[in-house]
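The lines below spell out each chain.
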Amino acid sequence: MEEGTTPSKGLPNTDFPKDVAAMANRGGGVIVYGITENQKAATGHHDIGEVDEAYERTLRSAAVTAISPPVFGLGVHRLGDPDQRALAVVVPASVDGPHLIYRDDRFGAPVRNDADTVWMRERQIEAMYRARFEEQRNTHEALDSLYRELAAGRPIAERAWMIGVARPRILAADRRRLTHGDATSILQAARGAAITYYKDPNHPVPLDDLDTHNPRPGLRRWVSRSTVDTDRGRSKEIWASVHGDGSVSLAAAIGGHPITRDEFAPGSRLRSDRMERFTASLMALLSTSAEHHGTRDYEVKIGVEWTGDEPLIIETVDGNGYPYDEGSIPLPRYAPVMASVRTDIGESDFLDQVRDLATDVVNQGGVQNLQAIKARE
């Protein structure tokens, strides 16, 4: 509890970053400005004055620039009547501790102890670093397990498949089972979100081929798939899952795309625009799931699975829109792309993450430019 707000000028040099770091190192918490106290007990409240958007930005900036590693996702909430204004700063839980404060040539790791902020001792700092590295190892192992599970059983000797999985670093706090309606809402909202990443919003989205109205229950998840059982339908086969802990997964046939009504490309040939749209669809699914569960930081893994004899070829288009593969690099094996993604940022910044991930996905095969996803403005 705090009596009043601090002037925005020089905020990084005040106790505010220390208090935020202390909360983050303790698993998150709330700092309230506008409360009077006596002997660590709240006794009343008073008006803290005007808190505008510029001050909110300053608070969030201080949590990023004055703390290492930064504390992202700070929640700032203005409360009360015009003559009894208060401010609540919500510090999220973090898996990146210990968060350190640097002052001049010294640094320390504060932590909240009941109503006090104290400095960690060396053994406490060591234990937090061990916990951080263990969390990272567990997250990567869980992500790899999701990936292997999704890739298993796909007909990857016939055509290449793209596999994408995403898992929150801090799992959803509310682990109640997703309902059929929850799953349907997440899947359908993802379709709408994916369109906003495209240059051409009228272009079909891979998620269009999912039967989003009839997801089926799986192990702590709901699974949706395409249902067309024809050669053309199998060339666009797609599966999606939304999990109760906030994880998502997406698998789609990517090789052997239709060339004419009755002719298909070899299973080893991939179109870069389809790979982009797959990436955009996974990111849209991640975003809508995060909004539903209240999750924030995700680890993402995207790969291409293929066991045929021919190397993978990623083709793009030339200036006239015709298929072009002269700059492609034949790939005997596609190395999965890994990324860390945040969802508590603006639409433009999130689109930057979609674009960066899609660029990594197609660059591996020698393709330089994105064809389907919007360019930076």
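Above this text sits the structure in question.
Thresholds, definitions, all that
Residues numbered from 1 in each chain as written. Predicted model: local features only at pLDDT ≥ 70, side-chain atom pairs only at ≥ 80, totals over all residues. Heavy atoms only, no water. Helix = DSSP H or I, 4+ residues; strand = E, 2+ residues; numbered from the N terminus. Phe/Tyr/Trp six-rings, centres within 6.5 Å; stacked < 30°, edge-to-face > 60°. Buried < 20%, exposed > 50% of the residue type's maximum accessible area, 1.4 Å probe, protein only. Lys NZ or Arg CZ within 6 Å of the ring centre and 35° of its normal. Expected span 1.5 Å × (residues − 1). Contact = heavy atoms within 4.5 Å. Pairing = 2+ DSSP bridges. Axes fitted to C-alpha atoms, helices over the stretch in contact; angles between N-to-C directions. Parallel < 35°, antiparallel > 145°, perpendicular 65-115°, else oblique. Left-handed = near helix turned anticlockwise from the far one by under 90°. Core = buried A, V, L, I, M, F, W, Y, C linked by side-chain atoms within 4.5 Å. Salt bridge = Lys/Arg side-chain N within 4 Å of Asp/Glu carboxyl O.

1. Focus: the environment of P323
Item 1. By secondary structure assignment, the location of P323 is in strand β19 (residues 323–324).
Item 2. Put simply, P323 and L150 are 173 residues apart on the chain and 30 Å apart in space, counted from C-alpha to C-alpha.

2. Structural notes on the packing of aromatic side chains
The description of an aromatic ring pair uses the distance of the two centres, along with the angle that the planes make with each other.
Item 1. Considering all chains together, one arrives at 3 aromatic pairs under this definition.
Item 2. Each ring, one from Y129 and one from F133, has its centre 6.2 Å from the other, and the planes form 25°; the classification is stacked. Here Y129 pairs with F133, and both are found in helix α3 (residues 122–151), just 4 residues apart, close to one helical turn.
Item 3. What makes F133 partly exposed here is its relative accessible area of 47%.
Item 4. Taking 6.2 Å as the distance between ring centres and 40° as the angle between the ring planes, the aromatic pair formed by Y197 and F350 counts as tilted. With Y197 in the loop between α4 (180–195) and β12 (216–218) and F350 in helix α7 (residues 347–363), the pair connects residues that are 153 residues apart, well separated along the chain. Considered together, Y197 and F350 belong to a single accessibility category, that of buried residues.
Item 5. The positively charged end of R154 is found above the aromatic ring belonging to W239, 4.9 Å away from the centroid.
Item 6. The ring of Y147 has K301 lying over it, and the distance from NZ or CZ to the ring centre is 4.6 Å.

3. Description of α7
Item 1. Across its 17 residues, α7 extends 24 Å between first and last C-alpha, which sits within 8% of the 24 Å expected from 1.5 Å per residue.
Item 2. Every buried residue belonging to α7 is among F350, L351, Q353, V354, R355, L357, A358, V361 and V362, and all of these are buried.
Item 3. The inward-facing, buried residues of α7 contact β11 (161–168), α6 (272–293), β17 (297–305), β18 (313–317) and β20 (337–342).

4. Describing helix α1 (residues 16–25)
Item 1. Counting buried residues along α1, 10 of its 10 residues qualify, which places the element largely inside the surrounding structure.
Item 2. Taken together, the buried positions of α1 are F16, P17, K18, D19, V20, A21, A22, M23, A24 and N25.
Item 3. At the C-terminal side of α1, G27 shows a positive phi close to 105°.

5. Observations regarding the pairing of strand β5 (residues 75–79)
Item 1. Note that β5 and strand β6 (residues 86–91) share 5 bridges and pair antiparallel. From the neighbouring strand, G75 faces β6, where its bridge partner is V90.
Item 2. Between the antiparallel neighbours β5 and β6 lie 6 residues, among them G80 with a positive phi of about 90°.

6. Comments concerning the packing of α6 against α7
Item 1. Following both chains from N to C, one finds α6 and α7 inclined at 140°, their axes separated by 9 Å at the closest point. It follows that α6 is oblique to α7 by the angle criterion. With respect to the hand of their crossing, α6 and α7 are arranged in right-handed fashion. Where α6 abuts α7, its residues S272, M275, E276, T279, A280, M283, L286 and S287 lie against F350, Q353, V354, L357, A358, V361 and V362.

7. Topic: the nonpolar core
Item 1. One finds Y197, V242, M275, L286 and Y334 to be the most contacted residues of the largest nonpolar core, which totals 56 residues.
Item 2. If you list the elements that add at least two residues to this core, you get β11, α4, β14 (238–243), β15 (248–253), α6, β17, β20 and α7.
Item 3. A per-element tally of this core places α6 first, with 9 residues.
Item 4. Excluding residues within four positions of it along the chain, V242 makes contact with L178, A183, I186, L187, R221, W222, S247, V248 and L285.
Item 5. Counting 22 residues, the second largest nonpolar core, distinct from the first, contains L11, I31, Y55 and V91.

8. A short note on the pattern of salt bridges
Item 1. Enumeration over the complete set of coordinates arrives at 23 salt bridges.
Item 2. The salt bridge partner of R271 is D273, with a shortest N-O separation of 2.9 Å.
Item 3. The class of D273 is buried, set by a relative accessible area of 15%.
Item 4. Linked through salt bridges whose partners overlap, the residues forming this network are R296, D297, R342 and D344.

9. What to know about the sheet that holds β15
The pairing of strands in a sheet comes from backbone hydrogen bonds and takes either a parallel or an antiparallel form.
Item 1. Spatially, 7 strands are ordered β12-β13-β14-β15-β11-β17-β20 in an open sheet, and the strand pairing comes out antiparallel. Strands at the two margins of the open sheet, each flanked by one partner only, are β12 and β20. When strand polarity is set aside, the average angle formed by the axes of neighbouring strands in this sheet is 20°.
Item 2. Here β11 runs beside β17; their pairing, made up of 8 bridges, is antiparallel. Counted as the bridge partner of P168 is Y298 from β17.

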